[in-house]
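# Chains, contacts and geometry: an overview
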Amino acid sequence: MGMFEAILLTIATAATPLLIAGVGELVVERSGVLNLGVEGMMIMGAVTGFGAALATGSPWLGFLAALVVGALFSLLFAVLTLSLATNQVATGLALTLLGLGFSGMLGERFVGMPGIKLGNLDIPYLSDLPVVGKLVFGQDPIFYLSVILTGGVAWFLFRTRAGLTLRSVGDNHGSAHALGINVIGIRYLAVMFGGACAGVAGAYLSLVYTPQWVENMTAGRGWIALALVVFASWRPWRVLAGAYLFGAVSIGQLHAQALGIGVPSQLLSSLPYLATIAVLVLISRNRRLTMINTPASLGRPFVPDR
Amino acid sequence: MMRVELVKRPQHSALFSALSPFIALGLTLVAGAIMFSLLGKNPLETFYYYFIDPLREMWSLHELAIKAAPLILIAVGLSVCYLSNNWNIGAEGQFIIGAVAGSILPVLFPQFQSWIVLPLMLLMGMAGGAAYAAIPAFLKVRFNTNEILTSLMLVYVAQLFNDWLVRGIWRNPQGMSFPGTAPFHEYAILPEIWPAAGRANWGFVFALVAAVAVWFMLSKMLRGFEVKVLGQSPRAGRFAGFSAPRMVFFAFLVSGALAGLAGISEVSGAIGHLNEKLSIGYGFTAIIVAFLGRLNPLGIVAAGLILALTYLGGEAASISVGLSDKVVRAFQGMLLFFVLGCDTLIHYKIRLVGTPLAKPAEA
């Protein structure tokens with residue numbers, strides 16, 4: 001396997017968690033809710049995924065546990081912002097701080113333990129094809145699921161009636177309510193979907209990307225996923241493009257560090273964060289583009305009046 | 001099926017405005033007791049070590065002041081931001097850059113020893129924090145960029161920058177290859193308030209002064225009115241002739257300067273040199289402090305002391321009952337949740353409504 005191929009493979013593993021968390025958050029934001037707790041839900045997914053896989057010996061059960069815990073954890077956010085109409089920005093931050101705190105506490109016993117890695121696909125003949133074999137047929141199963149998820153969400157949002165309803169809730173919750181749509185109920189479902197995705201994305205870190213538990217191992221990826229949604233102007237396939245761009249930046253800087261190109265490693269490590277800022281600036285300077293695509297009710301609490 | 005229904009109050013409730021932080025604290029204690037029991041500890045004993053034991057001795061009260069000072073300083077600045085609807089969540093980064101900028105004199109010019117060094121360091125720390133906070137403010141005003149994400153990203157950049165300094169060009173050559181600068185000389189050390197009694201330094205006094213000054217600004221000056229009007233209704237603010245872009249800069253510069261002051265005070269006071277782990281997450285815990293204090297600087301002083309107590313109590317409980325110090329952050333996170341939830345009581349009455357099971361709840 002050539003060097004170039006190896007780099008492409010690792011880019012996919014770096015991009016996949018960003019993609020899953022980003023697509024999940026995209027659905028949440030399309031329903032008009034801004035959940036800044038992605039980082040917290042991801043880290044909860046990472047710790048439960050690791051723990052469940054360790055306890056059962058099955059990485060798949062780890063992913064399942066992370067999915068459930070991510071959704072349940074996001075329910076805390078949903079109850080506060082949707083039923084108690086609290087400020088979404090502050091509550092999302094609270095979810096992140098709570099997740100970082102809880103995961104540190106729960107994961108203490110896992111520190112330094114060897115993890116269980118989800119294996120890559122190995123299809124006879126196909127995976128052995130030159131060049132494309134490993135890239136197309138030899139990755140981990142979650143990679144394929146992440147692409148299917150992106151397509152599924154794109155189809156759901158823009159090709160189904162339920163997707164249209166969800167978007168209408170996000171664009172004008174007052175009108176949606178007047179039409180008899182259950183605004184709060186739809187938002188509950190959207191938030192929990194986002195939580196489940198973030199949980200799986202976190203588990204990907206602790207079961208595939210680096211199969212171990214380290215405190216704060218998400219290292220800002222939840223926030224980068226949030227930035228990706230803005231970057232993608234709330235469109236699923238653009239989240240995929242953005243995730244791979246960031247995957248390339250973070251893998252590129254790792255390889256540059258390994259080669260020792262005479263630039264401080266800390267500067268290289270800060271590149272993904274600086275790239276996020278640069279990309280956000282480039283996208284949001286075009287006010288019209290952002291205005292058109294941003295769900296109009298994003299971040300506004302909704303309290304139905306009788 | 002029961003469901004929650006919110007009924008808007010005609011006016012916000014003064015009673016719950018005052019009570020809600022206490023209800024939240026009470027609920028956190030209940031949840032904490034459950035958590036401690038699940039961890040196999042006696043809740044009452046743990047609470048004793050958490051909240052009573054650190055208050056029993058003079059030296060420990062001084063430690064409380066040391067932990068509370070950065071929390072209060074940062075949270076007071078954040079209150080200006082949050083009241084004006086500017087979501088600066090990068091105070092941790094501004095804290096670090098303030099510490100770095102303030103350390104320039106003692107690290108690069110150790111021969112320059114005079115009484116003026118310390119005041120200059122404090123000013124440079126404030127300038128450093130403010131300049132770092134100006135980045136997200138500038139990007140928000142000029143390019144319409146979301147300040148939440150940019151300010152947060154800059155935290156990681158600041159951490160890495162500081163790490164590079166203290167492991168690289170600023171590392172103490174006599175430091176046995178430990179990361180960190182050489183110890184500051186005596187003119188660069190923030191003095192203790194009352195050395196006979198404990199370690200608390202002037203950082204705590206700065207925090208109190210900042211809290212009173214910002215409280216005065218918010219409640220007695222036109223600028224404070226501007227902060228609140230622009231925060232609640234940018235449109236109304238424009239009609240009043242207030243400038244939203246200038247408010248963005250004002251809020252970020254004030255909070256950045258205070259976070260920077262906290263950073264340099266921590267380094268020149270509590271630590272004595274710049275190292276790679278100068279913050280224990282003060283910039284993030286201060287967000288909790290700001291909300292627990294209901295964004296009121298005087299409330300923030302009390303809230304800062306409470307959160308500082310959880311740090312000390314966490315240490316005490318880990319030594320005495322063997323409870324992991326990781327529990328502290330979980331505890332702090334729960335507190336913020338309950339604070340935000342209870343704030344709903346100020347604007348709404350909460351009614352539990354029973355709905356017939358046959359008909360799905362149309363909210």
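How each quantity is defined
Residues numbered from 1 in each chain as written. Chains lettered and ligands numbered in written order. Predicted model: local features only at pLDDT ≥ 70, side-chain atom pairs only at ≥ 80, totals over all residues. Helix = DSSP H or I, 4+ residues; strand = E, 2+ residues; numbered from the N terminus. Rg over C-alpha atoms; globule rule 2.2 N^0.38 Å. Contact = placed C-beta atoms within 7 Å. Core = buried A, V, L, I, M, F, W, Y, C linked by C-beta atoms within 7 Å. Buried ≥ 20, exposed ≤ 12 C-beta atoms within 10 Å, placed from the backbone. Nonpolar A, V, L, I, M, F, W, Y, C, P; charged D, E, K, R; others polar. Arc of directions from axis to C-beta.

Another point: the overall build of chain B. Tallying secondary structure elements over chain B gives 14 helices and 2 strands in all. Here chain B has a C-alpha radius of gyration of 22 Å; the compact-globule value for 363 residues is 21 Å, and the two agree. Considering only C-alpha atoms, chain B reaches an extent of 80 × 60 × 35 Å along its principal axes. Sequence-distant contacts, at least 24 apart, represent 79% of the contacts inside chain B between residues at least 6 apart.

Attention shifts here to the nonpolar core. Counting residues in each nonpolar core, the largest one holds 215 residues, and the members touching the most others are Ile72, Leu73 and Ile74 of chain B. Counting residues per element, this core draws most heavily on helix 9 (residues 183-209) of chain A, at 18 residues.

This paragraph deals with the interface of chain B and chain A. Contacts between the two partners involve 43 residues from chain B and, on the opposite side, 47 residues from chain A. Only strand 1 (2-8), helix 6 (117-143), helix 7 (147-167), helix 12 (282-292) and helix 14 (327-347) of chain B provide two or more residues apiece to the side of chain B that touches chain A. When residues in the side of chain B that touches chain A are grouped by element, the largest group, 12 residues, is from helix 14 of chain B. Partitioned by chemical class, the residues of the side of chain B that touches chain A number 27 nonpolar, 10 polar and 6 charged.

A separate point is the environment of Glu39 of chain A. Residue and element names in this part refer to chain A. Checked against the element boundaries, Glu39 lands in helix 2 (residues 38-56). When the 29 C-beta atoms within 10 Å are taken as the criterion, Glu39 is described as buried. A sequence separation of 160 residues divides Glu39 from Gly199, and the C-alpha atoms of the two residues are 9.6 Å apart. With residues up to four places along the chain from it excluded, the contact list for Glu39 reads Thr96, Gly99, Thr218, Gly220, Gly222 and Trp223.

Further remarks concern helix 9 (residues 222-232) of chain B. In an α-helix there are 3.6 residues to a turn, and that puts residues three or four apart on one side. Residues and elements named next belong to chain B. Three or more residues of helix 9 are buried, namely Glu226, Val227 and Leu230. The buried residues of helix 9 all sit within an arc of 105° when viewed along its axis, so they share a single face. Looking at the buried side of helix 9, the elements it contacts are helix 3 (58-83), helix 8 (203-220), helix 10 (234-239) and helix 11 (244-271).

Any link to function would need more than the numbers given here.
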